[in-house]
Amino acid sequence: MKTELRIPHPLYAAAVADLIRPHPLAAERVGFFSIALGKLATDHVLLLVNGYTSVPDGQYLDDQWVGARLGSEAIRAALQRVLDTGFGQLHVHLHDHDGIPYPSGTDARAMPPLIKSLAVAGPNCAHGAIVLSRDRAWAQVAAPGSPRLLGASAITVVGFPLRFLQR
């Protein structure tokens, strides 16, 4: 299944500006993109980012072994957004380097259970994770009815300038 992600430039800029800010406890910040699901064909999913929510400072746990550990309040807030809005959630954070980012070992272990929880709250939505770098991105998404996580085949920042973070 082909999965494309489109992010409006103002939301991308807001997310990056938020994610690069230092945090008093964590080495990195986390946020969530809200996404609407569209199908271009039975095997072609289009995800449209329509919001960004920053995780407040007080919802991080002090854990020196990971870049950022979210407390249950942050997870509950993401689940509640799914229930309130009907939009999926993409966990988003930034790896501060150029080039294609890849999930860390911690990301690879922690993301699938979070995505599964989001899918329980919104089974008709797409949910996933996106890791941004300074100039590229990596994303995995669980589309409704798909038994596995799908890598995004294209991630585009829509606006001026048009940017292809992955294609």
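Figured I'd write up the structure that's included with this text. Residue indices follow the written sequence of each chain, beginning from 1 at its first position. It should be noted that, the model being predicted, local features are given only for residues of pLDDT at least 70 and side-chain atom pairs only at 80 or more, the latter also being counted only at that level, while totals for whole chains, interfaces and linings use all residues. Only heavy atoms go into the side-chain values, all of them from the structure, while hydrogens and water stay out.

**What about the side chain of H44?**
To be explicit about the condition: Strands here are runs of E lasting at least two residues and helices are runs of H or I lasting at least four, both read from the DSSP assignment and numbered beginning at the N terminus. Working definition: with a 1.4 Å probe on protein chains only, accessible area under 20% of the residue-type maximum means buried, over 50% means exposed, and in between means partly exposed. In the analysis that follows, any N or O atom pair within 3.5 Å is treated as a polar contact, provided that within protein one partner can donate a hydrogen and the other can accept it, and provided that, for residues neighboring in sequence, both atoms belong to side chains. Any two residues whose heavy atoms approach within 4.5 Å at even a single point are treated as in contact.
If you trace the backbone, H44 turns up in strand β3 (residues 44-54). For H44, a relative accessible area of 15% translates into the label buried. Looking at H44, its side chain comes within polar contact range of the side chain of E4, at 2.6 Å. In contact with H44, not counting residues within four places along its chain, are M1, K2, E4, G38 and K39.

**Looking at the packing of aromatic side chains**
The line we're drawing: Classification of ring pairs rests on two measures: the distance between centres of Phe, Tyr or Trp rings, Trp counted by its six-membered ring, which must be within 6.5 Å, and the angle between planes, read as stacked under 30 degrees, edge-to-face over 60 and tilted in between.
The tally for this structure, following the rule as stated, stands at 1 aromatic pair. Relative to Y52, the ring of F33 has its centre 5.7 Å away and its plane inclined at 65°; by these criteria the two rings are edge-to-face. You can see F33 sitting in strand β2 (residues 30-41) and its partner Y52 sitting in strand β3, a full 19 residues away along the chain. Residue F33 is classed as buried on the basis of its relative accessible area, which comes to 0%. For Y52, a relative accessible area of 18% translates into the label buried.

**A look at the packing of helix α2 (residues 72-85) against helix α3 (residues 105-121)**
Quick reminder of the rule: To obtain an axis, a line is fitted to C-alpha atoms, over the contacting stretch when the element is a helix, and the angle between two such axes runs from 0 to 180 degrees between their N-to-C directions. Crossing handedness: left-handed means the near helix sits turned counterclockwise from the far one by under a right angle, and right-handed means the same turn made clockwise. The residue classification treats Ala, Val, Leu, Ile, Met, Phe, Trp, Tyr, Cys and Pro as nonpolar and Asp, Glu, Lys and Arg as charged. All others, Gly included, are polar.
In contact at an axis separation of 9 Å, α2 and α3 are set at 35° when each is read in the N-to-C sense. Here the hand of the crossing between α2 and α3 comes out right-handed. Here I75, A78, L79, V82 and L83 of α2 lie close against α3, whose contacting residues are L114, S117, L118 and A121. The residue inventory of the contact of α2 with α3, partitioned by class, reads 8 nonpolar, 1 polar and no charged.

**Here's the deal with the pairing of β3**
Basically, it comes down to this: A strand pair is defined by DSSP finding two or more bridges across the two strands.
Note that strand β1 (residues 2-8) and β3 share 5 bridges and pair parallel. Residue pairing across strands places L5 opposite L47, the latter belonging to β3. Bridge analysis of β2 against β3 gives 10 bridges, and the strand direction is antiparallel. Bridging across to β3, F32 finds its partner in T53.

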